[in-house]
Amino acid sequence: MDADESSPAADRDADLRPTVAEAVVDAMLDRGVDTVFGIPGKQTLPLNRALADRDARFVVARHETAVSHQAWGYAETSEPGEMAATCVVPGPGDTNAMNGLKNALNDCVPLLHLAVETERSVRGGDGIHETPPETYDTVVKENVLVDSPAGAVPAVVEAIRTAREHPQGPVRVGIPKDVLASRTPQPAVGDRDPSPPPGPPADAVREAADLLADANSPLVLAGGGVRRSGASDALRSVAEALDAPVVTTYKGKGTLPESHPLSAGVLCGGASAELRGLLADADVGLVVGSDLDAVATASWSVTMPETLVHVTLDGDDVGFGYETDLGVVADADRFLRALNDHMDDESAVAPDRDGAERAKSVRAADRERFEALSESAEGGGRDGSDDRDSRPLRSVEVLSAVRDAVPEDAVVTADAGGFRLWTLVSFPAAGPRSYVNPGSWATMGTGLPSAIGAKLANPDRDVVALTGDGGLMMCVHELHTLASEGIDVTVVALNNDDYAIISEEASRSYEFPEGAYGWAETGLDLVAVASGMGLPAERVREHNAVGDAVERARSRDGPALVEVVTDPNEPQASEWMTGTRPGE
């Protein structure tokens with residue numbers, strides 16, 4: 001028999017080999033990636049077949065914009081390094097998913113993005129959905145195109161490792177459909193653990209400890225790197241040893257539970273004048289796990305402590321925006337543990353620096369602002385009465401009622417939009433994996449998809465999605481995903497029928513009429529929308545009805561939506577919280 005002729009036995013052996021898609025799924029499962037969010041297409045079917053035949057969950061979304069945010073929410077509420085995957089068709093599917101990939105890149109969140117590429121035989125011939133693979137280079141940590149059929153499994157294995165390696169992030173692997181469908185033997189791939197993140201030099205730890213020990217009023221500013229590195233316990237230990245208030249960035253929210261006496265609040269666009277004053281009055285600040293970006297610091301206009309110790313994984317962050325007295329390129333957890341050990345070794349006992357009192361003072365001032373906001377609305381009812389329940393609700397009132405109705409250990413996801421700032425400053429987070437919100441990318445339409453991912457990562461915990469009507473309408477299709485997949489998420493939608501944060505600025509700064517970007521004449525009925533997609537839903541307008549409605553929705557065996565009608569003309573947090581205290 002000629003060398004190029006195959007025997008019937010050889011043909012049978014080839015037919016028994018797993019497809020490349022099956023080998024890829026096996027490699028994912030072996031490495032703990034067992035949940036995939038996506039939308040099936042003709043190109044993805046070989047992979048869908050493999051997922052269906054194995055112990056993997058494939059969640060069918062209704063738009064590709066959602067799938068990467070679902071995987072993002074999964075990782076944000078999981079132990080560090082745990083992750084999900086996404087799977088989309090090329091071209092439109094891939095570009096739709098870019099929004100969430102960029103969000104994950106900015107937030108250093110790991111996920112595996114499987115993009116089924118145009119078949120090799122038609123690549124370059126303008127095949128259906130064909131897009132140059134380099135299109136995605138700037139929205140992922142690494143972008144890999146599989147050319148050789150034998151390279152699929154090695155590429156996926158390396159992608160998972162790369163996604164988990166600090167700084168973590170999304171990795172895209174493009175695999176042509178014909179490769180996935182083939183039965184090309186895959187090479188055995190040995191596991192290689194992600195490289196450990198850098199630890200701090202001993203002399204830097206010693207210098208930081210000396211600066212903090214000599215401080216009269218130290219402060220800790222914790223960012224999202226504390227969450228990513230699993231450093232919450234070490235953060236608490238250091239803060240308690242220093243008797244230092246802890247301010248978090250918007251991505252660090254919850255890394256110290258906000259019920260802790262040293263928790264002082266969140267640095268964001270809605271941070272109060274009192275919180276900013278706390279930062280300015282501190283003599284030594286320890287910034288850990290944050291790049292001190294323009295969003296958190298209002299373009300570096302927030303005054304930082306006189307002496308600054310800045311710990312970050314990216315050396316380019318040090319000195320960008322603020323002068324740094326000591327910069328340390330190191331993992332947040334490894335630095336904080338080393339600092340804590342050094343203070344223990346030195347038997348250092350922090351003098352009474354009134355850290356808890358300083359933090360309490362800021363929290364009390366914030367509460368005064370919230371109460372003043374509610375009082376300022378009295379008499380605002382449409383009938384002219386002073387009854388609180390006769391006028392539109394304000395965000396802080398709704399969020400307070402929701403917090404009281406939701407278990408402390410519930411996972412809460414928050415969308416972007418005007419109410420996001422009110423949520424950041426007024427809705428206490430219970431822990432590092434209990435609160436999710438987008439970072440500097442600040443894309444709307446994340447609250448509901450991230451809640452879907454969070455629930456699949458935490459099936460035994462309550463999950464609540466907080467969103468506005470603007471954000472929900474950018475992902476409203478995922479209400480149907482909740483219903484069709486039976487994912488038990490409670491959606492609380494604050495509906496003011498307005499892009500209110502835009503309308504407010506348009507009116508205040510550009511002389512537009514009030515509600516210029518609202519829909520007062522064509523109000524949105526979210527109850528009808530949700531009901532039409534198979535979700536139980538109810539609308540509430542009165543303050544004393546919010547908590548009961550949320551409790552009813554949460555107690556259902558399955559998803560539900562609560563629509564809360566809110567005031568489109570309420571002050572924005574960026575104005576109300578940052579000005580002089582109301583009444584002064």
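Basis of the calculations
- Residues numbered from 1 in each chain as written.
- Predicted model: local features only at pLDDT ≥ 70, side-chain atom pairs only at ≥ 80, totals over all residues.
- Heavy atoms only, no water.
- Pairing = 2+ DSSP bridges.
- Helix = DSSP H or I, 4+ residues; strand = E, 2+ residues; numbered from the N terminus.
- Axes fitted to C-alpha atoms, helices over the stretch in contact; angles between N-to-C directions.
- Buried < 20%, exposed > 50% of the residue type's maximum accessible area, 1.4 Å probe, protein only.
- Contact = heavy atoms within 4.5 Å.
- Salt bridge = Lys/Arg side-chain N within 4 Å of Asp/Glu carboxyl O.
- Polar contact = N/O pair within 3.5 Å; in protein donor to acceptor, adjacent residues only side chain to side chain.
- Phe/Tyr/Trp six-rings, centres within 6.5 Å; stacked < 30°, edge-to-face > 60°.
- Lys NZ or Arg CZ within 6 Å of the ring centre and 35° of its normal.
- Parallel < 35°, antiparallel > 145°, perpendicular 65-115°, else oblique.
- Left-handed = near helix turned anticlockwise from the far one by under 90°.
- Nonpolar A, V, L, I, M, F, W, Y, C, P; charged D, E, K, R; others polar.
- Expected span 1.5 Å × (residues − 1).
- Patch = residues over 30% accessible without salt bridge, like charges linked within 9 Å, V, L, I, M, F, W, Y side chains within 5 Å.
- Areas by Shrake-Rupley, 256 points an atom, 1.4 Å probe, with all protein chains shown as cover.
- Lys, Arg positive; Asp, Glu negative; His and termini not counted.
- Charge placed at Lys NZ, Arg CZ, Asp CG, Glu CD.

Novice: Quick question: what am I supposed to make of the sheet that holds strand 12 (residues 326-329) here?
Specialist: In a beta sheet, neighbouring strands pair by backbone hydrogen bonds and run either parallel or antiparallel. Within the open sheet, the six strands sit side by side as 9-8-7-10-11-12. Their pairing is parallel. Two strands close off the open sheet at either side, each with one partner strand: strand 9 (263-267) and strand 12. Put simply, the sheet's adjacent strands are angled 15 degrees from each other on average, direction ignored. Bridge count between strand 11 (residues 307-312) and strand 12: four bridges; the pairing is parallel. Note on strand 12: the bridge partner recorded for Val 309 is Leu 326.

Novice: Which parts of the structure should I look at to understand the environment of Pro 197?
Specialist: Secondary-structure assignment places Pro 197 in the loop between helix 7 (177-181) and helix 8 (202-213). Here Pro 197 falls in the buried class, since its relative accessible area comes to 14%. Put simply, Pro 197 and Gly 230 are 33 residues apart on the chain and 12 Å apart in space, counted from C-alpha to C-alpha. With near-sequence residues (within four places) excluded, Pro 197 lies in contact with His 166, Leu 313, Asp 331 and Arg 334.

Novice: Can you walk me through the pattern of salt bridges in this structure?
Specialist: Once their charged atoms are close, side chains differing in charge can pair, the charge on each being opposite to the other. Within the structure shown, the criterion is met by 27 salt bridges. Between Arg 161 and Glu 165 there is a salt bridge; the shortest N-O distance is 2.6 Å. Arg 161 sits in the buried class, given a relative accessible area of 10%. On the accessibility criterion, Glu 165 (18% relative accessible area) is buried. Note that Arg 369 and Glu 274 form a salt bridge whose closest N and O atoms lie 3.0 Å from each other. A residue pair is termed long-range when its members are at least 10 positions apart, and Arg 369 in helix 13 (residues 355-376) and Glu 274 in helix 11 (residues 273-281) qualify at 95 residues. Taken individually, Arg 369 and Glu 274 each receive the classification buried, so the pair is uniform in this respect.

Novice: Would you take a moment to explain the side chain of Ser 290 for this structure?
Specialist: Among the secondary structure elements, Ser 290 is positioned in the loop between strand 10 (284-288) and strand 11. Engagement of the side chain of Ser 290 in a polar contact is seen with the backbone nitrogen of Leu 292, the distance being 2.9 Å. Discounting residues that sit within four places of it in the chain, Ser 290 has contacts with Gly 223, Thr 249, His 310, Val 311 and Thr 312.

Novice: How do you make sense of unusual backbone geometry when you look at a structure like this?
Specialist: Excluding glycine, most residues fall at negative phi; most peptide bonds, likewise, are trans. With an omega of -10 degrees, the peptide bond running from His 166 to Pro 167 counts as cis. Among the secondary structure elements, Pro 167 is positioned in the loop between helix 6 (152-164) and strand 6 (170-176). Phi at Ala 298 takes a positive value of approximately 50 degrees, unusual for a residue other than glycine. In this structure, Ala 298 sits in the loop between strand 10 and strand 11. The class for Ala 298 is partly exposed, based on a relative accessible area of 32%. Even without glycine at this site, Asp 497 takes up a positive phi of about 50 degrees. Relative to the assigned elements, Asp 497 resides in the loop between strand 16 (490-495) and helix 19 (500-510).

Novice: Sorry, what's going on with the packing of aromatic side chains here?
Specialist: Here the structure, examined in full by the defined rule, presents four aromatic pairs. Measuring from centroid to centroid gives 5.6 Å for Trp 300 and Phe 320, while their planes differ by 65 degrees, and the two rings are edge-to-face. Note that Trp 300 is positioned in the loop between strand 10 and strand 11 and Phe 320 in the loop between strand 11 and strand 12, a separation of 20 residues in sequence. On the basis of an interplanar angle of 75 degrees and a centroid distance of 5.0 Å, the ring pair of Tyr 499 and Trp 519 is categorised as edge-to-face. Placement of Tyr 499 in the loop between strand 16 and helix 19 and of Trp 519 in the loop between helix 19 and helix 20 (526-532) is noted, with a sequence separation of 20 residues between them. A relative accessible area of 31% means that Tyr 499 is categorised as partly exposed. In this structure Trp 519 comes out as partly exposed when scored by relative accessible area, which is 35%. For the cation-ring pair, Lys 253 lies above Tyr 435, with the distance from its terminal atom to the ring centre recorded as 5.1 Å.

Novice: Would you mind going over the sheet that holds strand 14 (residues 435-436) with me for this structure?
Specialist: Strand order in this open sheet of six strands is 14-13-15-16-18-17, and the pairing throughout is parallel. A strand with exactly one partner marks an edge of an open sheet, and here the two such strands are strand 14 and strand 17 (537-540). In the sheet, strand 13 (residues 411-414) pairs with strand 14 via two bridges, with the strands oriented parallel. Across the sheet, Thr 413 pairs through a bridge with Val 436, a residue of strand 14.

Novice: How do you make sense of the side chain of Arg 228 when you look at a structure like this?
Specialist: Among the secondary structure elements, Arg 228 is positioned in helix 9 (residues 224-228). Note on Arg 228: relative accessible area 5%, which makes it buried. Setting aside residues up to four positions removed in sequence, Arg 228 forms contacts with Ala 75, Glu 76, Pro 80, Asp 107, Cys 108, Val 109, Pro 110, His 166 and Gln 168.

Novice: How should I be thinking about the environment of Ser 229 in this particular structure?
Specialist: Here Ser 229 lies in the loop between helix 9 and helix 10 (232-242). For Ser 229, a relative accessible area of 13% puts it in the buried group. Sequence separation between Ser 229 and Ala 332 is 103 residues; the distance between their C-alpha atoms is 6.3 Å. When sequence neighbours within four positions are dropped, the list of residues in contact with Ser 229 reads Pro 80, His 166, Asp 331, Ala 332 and Asp 333. Within polar-contact distance, the side chain of Ser 229 engages the backbone oxygen of Val 226 at 3.4 Å.

Novice: Hey, could you run me through the packing of helix 4 (residues 64-76) against helix 16 (residues 447-457) in this one?
Specialist: The angle between the axes and the distance between the axes are what describe a pair of packed helices. The N-to-C vectors of helix 4 and helix 16 enclose an angle of 45 degrees; their axes lie 6 Å apart at closest approach. One element, helix 4, and the other, helix 16, form an angle in the oblique class. As helix 4 runs across helix 16, the sense of the crossing is right-handed. Seen from helix 4, the contacting residues are Ala 66, His 69, Gln 70, Trp 72, Gly 73 and Tyr 74; seen from helix 16, they are Pro 449, Ser 450, Ile 452, Gly 453, Ala 454, Leu 456 and Ala 457. The residue inventory of the contact of helix 4 with helix 16, partitioned by class, reads eight nonpolar, five polar and no charged.

Novice: I'm lost on helix 6 in this one. Help?
Specialist: A turn of α-helix holds 3.6 residues, and therefore any two residues three or four places apart point the same way. Its 13 residues place the ends of helix 6 19 Å apart at the C-alpha level, agreeing with the 18 Å of an ideal helix rising 1.5 Å per residue. Of all 13 residues in helix 6, 11 are buried; the element is thus mostly enclosed. By the burial criterion, the buried members of helix 6 are Ala 152, Val 153, Ala 155, Val 156, Val 157, Ala 159, Ile 160, Arg 161, Thr 162, Ala 163 and Arg 164.

Novice: What should I look at first to understand a negative patch on the surface in this one?
Specialist: On the surface, Asp 203, Glu 207, Asp 210, Asp 214, Glu 306, Glu 323 and Asp 325 cluster together to form a negatively charged patch. Along the chain, the position of Glu 207 falls in helix 8.

Any functional reading would require information that these geometric values do not contain.
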